[in-house]
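Given next are the chains, with one letter for each unit.
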Amino acid sequence: MRDNIWQDLKYALRGLLRQRGFATAVILTLALGIGANAAMFAIVDRMLFRPPPMLKDPSTAHRVYTFATSRGKENASGNYQYARYIDLAHNTTSFSATAGYAERKMAIGVGEASRDMQVGAVSASFFQFFDAPPVLGRYFTTVEDATPTGTPVTVLSYAFWERNFGRRADALGTKVQIGPTIYTVIGVAPEGFAGLWPDQPPAAFIPITAYAGTSGNVFSFKQSWWKTYNWGWMSMMVRRKSTVSIAAANADLTRADQISYRQQLVDNPHGTPPALAKPHAIAASILSERGPNESRLAKVATWVGGVSGIVLLIACANVANLLLARAIRRRREIAVRLALGVSRSRLLSQLFTESLLLAVFGGIAGVLIAQFGGGLLRSRLLPTTAHELVYRDGRTLLFAGIAAVVVGLLTGLAPALQATRANLTSDLKAGAREGTFHRSRVRVTLLVSQCALSLVLLVGAGLFVRSLRNVESVRLGYDVSPVAMVDLNMRGLKLDTAASKVLRDRIMAAVKSMPEVENASVMNAVPFWGTWSTSLFVQGIDTVGRLGEFDLNSVSPAYFSTLGTRVIRGRGLTDDDRKDARRVMVVSDAMAKRLWPEKDAIGQCIRMNADTMPCTYVVGIAENIKSSNLANETSYYYYVPYEQVPGGLLPGLFVRTRGAASEHLEAIRRRLQKEMPGISYVTTTAFSDVLAAQTSSWHLGATMFAAFGLLALILAGIGLYSVIAYNVAQRTHELGVRVALGAQSTDVVRLVVGEGLKLVLIGVVIGAVAALGAARWVKPLLFDVSPRDPVVVAVVSAVLIGVAFAASWFPARRASRVDPQVALRTE
């Protein structure tokens, strides 16, 4: 048996070496298909299947989600209050361990050296879920993680320790400023440990109580933060006992959640009754992307994974067609071998060995493609994740190996079936000229299938590209690229109103003095980032709130020129709109029409906060802006002078730069950091990064569908060219006879090209029908474009036909130059 396998391998290898062009085409085709799927698998596996590194017994570890019904709609939440976490932990018996956790971006360091980094705020019990003993020092204990303020100790990540302390043991006991608090280093986590956040590993871990006890949010609660049900900010993980089923654990959690909900009603008697809220909880996957609130990223990854599978099917069809064409060419050889006594089973073994050998080579090349080409996929779908080496990822290599074996078996099936149907009498008499293209229905079906699938992918790419173009052409009501956001983080440093104004003026003067800055403005709200609202009272309107949500932004006079928002009527804000001047505001056009549909909004009175407050008069109408959803109606927005807003909170800034703001972020940060007092610090963000989250699904769809659609087009072109070229070589005798009988070169070209185009046209029709049929599923992913857009279908069809013409024309030209005398001697 072993000798037979070795002989089959040597025979297959010799045959492939004799036909290097054929072997190269097959291996390249398989490499593209397997490589695309291996790269996509690495991403989908990371998001939806692979447990966090070092997690012990992943099958019994779960995230806890709570549910409640509001206004007839059930909402799932993975974030809730510390009091809820304590209630669930104390009132359940199905779990051997529970832990609370949250991840926050916090400033680490002081002054120029301070940087925003991910920090894991976790309970002391968090670390026992992992097989990750510290490489230095220890983890914090339950005593250090006690309410109300915990103990300011921290465990550094291995990467932070290596980068900032050079892996020195004397890091223990040093002080590190994290957020508003100075923490003492007591340990270093092992290399590769990232908790539940492998895509964004925390730089440090701190007690969850230490984070909550010093957070600025706690100052807004009259009740102790660890007892209130008003601040939902953390999550919970549990270790289910091996003797407890998922159903029993969910029932246990639901009972505890109902007890907790009733306690919440004691604190807030005006809440929704339990009968209407229907509170319950479940133990779900430890992977957040698989939780009840599946992210948009996971949905896109799933779609792209399916698309990559279609590419692999096209590659399989392509290779199967090539192998089948080769098998037809070898009909006489196969018949001779059968006549000499070779068994059909041994013959099949040799054929499958050949296809598997090609698939293995294709798989090896595919891993290289996944390594060097998969970076594009990872940068789009997991932009915060470090690019891993595919050849060091055992799970991805195993997938690529399985894919290669399955592809080898599938592609070898067609020639194997052809061999089993061999007729010794007719095949021994046959010449190569009888293996013509039109006589194999299987080859026709495979070619048509390639074209149809390619068209489906190309139509999807066209729809997403048009969607992205529509998204990018939407007038948002402000400029994006040249605008930067500046956040002034005080780290708990308190300033009164006068000191806050002095610092604000100093910051504004500093930023405006920079040569790369055109203008700057104070702001307290950012579209698509954070909103601010208050009660409004308008004469003649019973309740303004029932007309919609009205968002407020307190700004300085330069706001409209900084953002590029046009004032279409009246005036904007000026330096004369000071604290002691008449109260004024600028409202959006949509807000003006909503509140005064039959009146001129200019000069109208709005009372803010209470109906006893003085009038704030509308002095201008600004263009509408998008602030919450690109696909929804424009927002009701209004702007008031920052000087006229009570309170001493230090606002943020919008800065308009010369050129793209992303190029000047670090320069702005360094300049303004010099003006910040004490341990406070500055962060800068490109406004385009904020909007990127809103357009990511269309960017991803356009990029990935276009990439895989182009790959499918290349595969289809290679397949069509290879088969037609091989067919022309088979038909050398036939074409020579035609030329000898008077056929012109143009007649030969027309014959070969016509056969190729006929098959492609059939595939285009089938693919167009399939694409139109799938329209209802793809419609929710598009923006302002019909999934049955005739322009997209027509353009894609024309492109595919053009590629088919080129793939047919080159072999046709070669066929037209056949020397009749040579061709007539060919057998």
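Higher on the page you've got the structure.
A short tour of the structure in this document, coming up. The shown structure was predicted, so the numbers you read here are calculated from the model rather than taken from an experiment.

### Section: the overall build of the chain
1) Next: Counting its secondary structure elements, the chain contains 23 helices and 22 strands.
2) Next: Across the 827 residues in the chain, those meeting the buried criterion constitute 52%.
3) Next: Partitioning the contacts of the chain with sequence separation of at least 6, the portion at a separation of at least 24 is 81%.
4) Next: Accessible surface, the chain as shown: approximately 37500 Å² in total, 57% of it carbon and sulfur.

### A short note on the nonpolar core
1) Next: Membership of the largest hydrophobic core comes to 104 residues, with the highest contact counts inside it found for Val-459, Tyr-478, Tyr-559, Tyr-639, Phe-654, Phe-687 and Leu-691.
2) Next: Residue contacts for Tyr-478: discarding those within four places in its chain leaves Pro-527, Phe-528, Leu-563, Gly-564, Thr-565, Ile-625, Lys-626, Phe-687 and Leu-691.

### So, the packing of aromatic side chains
1) Next: Going through the model one piece at a time under the given rule, you end up with 27 aromatic pairs.
2) Next: On the numbers, 5.4 Å between centres and 55° between planes, the contact of Tyr-637 with Tyr-639 is tilted. Both residues of the pair, Tyr-637 and Tyr-639, count as buried.
3) Next: Within the aromatic cluster, the residues linked to one another by ring pairs are Tyr-101, Phe-126, Phe-127, Phe-130, Tyr-139, Phe-140, Phe-193, Trp-197 and Phe-205.

### Let's talk about the pairing of strand β15 (residues 550-555)
1) Next: The buried fraction of β15 is high, at six of six residues.
2) Next: As defined by bridge partners, β15 adjoins strand β20 (residues 636-641) across six bridges and the pair is classed as parallel. Its bridge partner lying in β20, Phe-550 is registered against Tyr-636.

### Focus on the pattern of salt bridges
1) Next: Under the defined criterion, the tally for this structure stands at 26 salt bridges.
2) Next: Between Arg-395 and Asp-45 there is a salt bridge, and its shortest N-O distance comes to 2.7 Å. Of this pair, Arg-395 sits in helix α11 (residues 394-420) while Asp-45 sits in helix α2 (residues 20-48), placing them 350 residues apart in sequence.
3) Next: Here the residues in one salt-bridge network are Arg-475, Asp-479, Glu-518, Arg-566, Glu-623 and Arg-656, joined through shared partners.

### Comments concerning the side chain of Ser-556
1) Next: Within the secondary structure, Ser-556 is located in the loop between β15 and α15 (559-563).
2) Next: Note on Ser-556: relative accessible area 13%, which makes it buried.
3) Next: Side-chain polar atoms of Ser-556 contact the side chain of Ser-521, separated by 3.0 Å.
4) Next: One polar contact links the side chain of Ser-556 to the main-chain amide nitrogen of Val-522, over a distance of 2.9 Å.
5) Next: Those residues in contact with Ser-556 that lie beyond four places of it in its chain are Met-508, Ser-521 and Val-522.

### A short note on the environment of Val-122
1) Next: Along the polypeptide, Val-122 turns up in strand β4 (residues 115-122).
2) Next: Under the relative-accessibility criterion, Val-122 is labelled buried at 0%.
3) Next: Each C-alpha atom, one on Val-122 and one on Ile-206, is 6.3 Å from the other, the two residues being 84 residues apart in sequence.
4) Next: Apart from the residues within four sequence positions on either side, Val-122 is in contact with Gly-100, Tyr-101, Phe-127, Phe-140, Asp-145, Trp-197, Phe-205, Ile-206, Pro-207 and Ile-208.

### Considerations on the environment of Thr-272
1) Next: Topologically, Thr-272 is positioned in the loop between α6 (246-267) and α7 (274-277).
2) Next: Considering only alpha carbons, one finds Thr-272 and Ala-68, 204 residues apart in sequence, at a separation of 9.6 Å.
3) Next: Once you skip the residues sitting within four places of it in the chain, Thr-272 turns out to touch Tyr-261, Leu-265 and Ala-277.

### Comments concerning α2
1) Next: Given a rise of 1.5 Å per residue, 29 residues ought to cover 42 Å, and the 41 Å separating the end C-alpha atoms of α2 matches this to within 8%.
2) Next: With 23 of 29 residues buried, α2 is to be regarded as a mostly interior element.

### Looking at the sheet that holds strand β22 (residues 681-686)
1) Next: Spatial ordering of the open sheet is given by β13-β21-β12-β22, a layout of four strands whose pairing is antiparallel. Either end of the sheet is taken by a strand with one partner, and the two such strands are β13 (517-523) and β22. The average undirected angle you get between the axes of adjacent strands in this sheet is 25°.
2) Next: Where β13 lies against strand β21 (residues 652-657), six bridges are found, and the strand directions are antiparallel. Residue pairing in the sheet places Val-522 in a bridge with Leu-653 of β21.
3) Next: Across the sheet, helix α17 (residues 665-673) is in contact with β12 (483-489), β21 and β22; its angle to β22 comes to roughly 160°.

Basis of the calculations
- Residues numbered from 1 in each chain as written.
- Predicted model: local features only at pLDDT ≥ 70, side-chain atom pairs only at ≥ 80, totals over all residues.
- Heavy atoms only, no water.
- Helix = DSSP H or I, 4+ residues; strand = E, 2+ residues; numbered from the N terminus.
- Buried < 20%, exposed > 50% of the residue type's maximum accessible area, 1.4 Å probe, protein only.
- Contact = heavy atoms within 4.5 Å.
- Areas by Shrake-Rupley, 256 points an atom, 1.4 Å probe, with all protein chains shown as cover.
- Core = buried A, V, L, I, M, F, W, Y, C linked by side-chain atoms within 4.5 Å.
- Phe/Tyr/Trp six-rings, centres within 6.5 Å; stacked < 30°, edge-to-face > 60°.
- Pairing = 2+ DSSP bridges.
- Salt bridge = Lys/Arg side-chain N within 4 Å of Asp/Glu carboxyl O.
- Polar contact = N/O pair within 3.5 Å; in protein donor to acceptor, adjacent residues only side chain to side chain.
- Expected span 1.5 Å × (residues − 1).
- Axes fitted to C-alpha atoms, helices over the stretch in contact; angles between N-to-C directions.

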